[in-house]
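Listed here are the chains, written in short residue letters.
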Amino acid sequence: MLNSHAKIVTAFLLEAERACWRSPDNNRGFTRKSHTFLPKIFRKMSTQSSKERPENLQFPFLDDDTTISTVKESKTLFIIRGLPGSGKSTLAQAIQDQYKDACKVISADTHKITPAIRSSIPEDYSKLDEDLVDYCKRDISVVIVDDTHHERERLDQLFDIADKYQYKVLFVEPKTPWKMDCLQLKDKNQWKLSVEDLKKMKPSLEKDFLPLYYGWFLSKKSSENLRKTGQAFLDELGSLKVFKKESKYFLPAEDPKVKLDLTSYFAKRPPSVLHCTTKFTDFGKAMGADEYAQQEVVKASYGKAFTLTISALFLTTKTAGARVELSEPELLLWPGDVDKILPIDNLPKGSRAHITLGCASGIEPVQTGLDLLEFVKLEKAGTKGEEIEEIGGGKLLYFGNGMFMLLLSKKIEVRAIFSGYYGKGKLVPTQGSNKRGSAFNPCTII
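Predicted model, so just to flag it, every value in this text is computed and none were measured.

Draft legend 1. Fine view of the pairing of strand β1 (residues 76-80). The buried fraction of β1 amounts to five of the five residues, a majority that puts the element mostly inside the structure. Neither face of β1 is open: one carries Thr-76, Phe-78 and Ile-80, the other Leu-77 and Ile-79, and all of them are buried. Sheet topology places β1 next to strand β4 (residues 168-172); five bridges connect them, and they run parallel. By the bridge assignment for β4, Thr-76 is matched with Lys-168. Bridging between β1 and strand β3 (residues 142-146) involves five bridges; their strand directions are parallel. Considered in β3, the bridge of Ile-79 is made with Val-145.

Below, the structure written as structure tokens:
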């Protein structure tokens, strides 16, 4: 349960985001002028708790209008986790009440799957997973799986399904005061489990389940728009004489005359939906993972919608990506040690913020952020890039060595949910026979 300070942070973030959405700038971030009024907003929100829903059902995806609308235009798999009797079904019902026809609930209880410590995952889950896959195939916006979820093997099965069907994952646990009190849970759980039975499951649920990485995960609508913009950039860039002249950087030395198709060149992308990573936590094993996850602003922001601003698209011989400008509330979630290639680098906070659109063969997605930092270092050193020409979306700059950047004449705003990625992290094709979730799909430039 959030302590009082965390509740205040949550309220502050929610109202700050609402204020931005109400502004004429449509949430481009806080300006210097608007930022001076934040304490006033803060005081206003801190007095409104009595009007909110019960404390154990206070979540951004239930209370915040911007988050609710973003979830509705996304594909989200809610994994509700906790001991039997802790309030999972009540929470699932609250989510279903909020999203109504856009939501489907799958409960282990209704499938008669008894929660227990097991040596292997029972076959009883096969029917549950059939229902889950059916909903995912139908692109249901909100799918809820209500179970104890105390076994890593079982969670991995769900993460694989989420990856396959391009769903973002939100881990949600009840906030009831008795959620870890086995004595009270003995009387509340419908399975009539004993205190000893509950205690056996408790250790795996006491510690937060950290993702492979945290970040902002774009809504389905925003992802589709950004993919189209990225594809248009590749198509137009590939047709320019200046690019054809510099294409030697992209072609194999042994066959420099091969025809270059940029869509095929950037053949891989990260799994899951398009996203902007904040912190790589490696399921809690990375340095500083627990410290980051325990920050009150991280806990308060989890499951909350943000509007990210994209100022440029860029391309190197290794990656293609979108440059993200972070607002002041977003910078609160940005780690302080990631904006550097070398230890001596001193670049502005948020310099590495990006969305990976594609990777060349053999290149990992982490390279996209490093490539962006190379652009930032050149800019800081006074190299602004050679202005090539105005193309569809803005001003094209060339920094040499196959490094191109398109400064967008009109910045792109994308909606995203702050969450985590919990899957295996294996790269997937940017194109495929079903085109599902492709970062680069064929499109026509108008």
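Still more to cover.
Draft legend 2. Broad picture of empty space enclosed by the protein. This structure, assessed with the given rule, holds five cavities of 30 Å³ or more. In this model, the largest cavity occupies a volume close to 50 Å³. For the largest cavity, the lining is made up of twelve residues, of which Asp-163, Tyr-167, Val-169, Tyr-421 and Tyr-422 are closest to its centre. Contributions of two or more residues to the lining of the largest cavity are made by α8 (152-164), β4 and β13 (404-421). By residue number, the principal contributor to the lining of the largest cavity is α8, which donates three residues. Considering only residue class, the lining of the largest cavity consists of seven nonpolar, three polar and two charged.

Draft legend 3. Quick look at the packing of helix α7 (residues 125-137) against α8. Packing of α7 against α8 brings their axes to within 11 Å, and their N-to-C directions diverge by 20 degrees. Classified by the angle their axes make, α7 and α8 are roughly parallel. For α7 against α8, the interelement crossing comes out right-handed. The segment α7 lies against α8, with Tyr-125, Leu-128, Asp-129, Leu-132, Val-133 and Cys-136 engaging Arg-154, Gln-157, Leu-158 and Ile-161.

Draft legend 4. Representation of the packing of aromatic side chains within the structure. This structure, assessed with the given rule, holds 21 aromatic pairs. Taking 5.5 Å as the distance between ring centres and 70 degrees as the angle between the ring planes, the aromatic pair formed by Phe-250 and Tyr-265 counts as edge-to-face. Placement of the pair is Phe-250 in the loop between α12 (241-246) and α13 (262-265) and Tyr-265 in helix α13, with a sequence separation of 15 residues. On the basis of relative accessible area, Tyr-265 is assigned to the buried category, the value being 19%. Here a set of aromatic residues connected by ring pairs shows up, and it is made of Phe-243, Phe-250, Tyr-265, Phe-266, Tyr-398 and Phe-404. Against the face of Phe-283 rests Arg-152, its NZ or CZ located 4.6 Å from the ring centre. Its end group placed over the ring of Trp-178, Lys-188 keeps NZ or CZ at 4.3 Å from the ring centre.

Cut-offs and rules
- Residues numbered from 1 in each chain as written.
- Predicted model: local features only at pLDDT ≥ 70, side-chain atom pairs only at ≥ 80, totals over all residues.
- Heavy atoms only, no water.
- Buried < 20%, exposed > 50% of the residue type's maximum accessible area, 1.4 Å probe, protein only.
- Helix = DSSP H or I, 4+ residues; strand = E, 2+ residues; numbered from the N terminus.
- Pairing = 2+ DSSP bridges.
- 1 Å grid on protein atoms, 1.4 Å probe; cavity = no way out; pocket = protein on both sides within 12 Å on 5 of 7 lines; lining within 4 Å.
- Points joined across faces, edges and corners; volume = space filled by probe spheres on them.
- Nonpolar A, V, L, I, M, F, W, Y, C, P; charged D, E, K, R; others polar.
- Axes fitted to C-alpha atoms, helices over the stretch in contact; angles between N-to-C directions.
- Parallel < 35°, antiparallel > 145°, perpendicular 65-115°, else oblique.
- Left-handed = near helix turned anticlockwise from the far one by under 90°.
- Contact = heavy atoms within 4.5 Å.
- Phe/Tyr/Trp six-rings, centres within 6.5 Å; stacked < 30°, edge-to-face > 60°.
- Lys NZ or Arg CZ within 6 Å of the ring centre and 35° of its normal.

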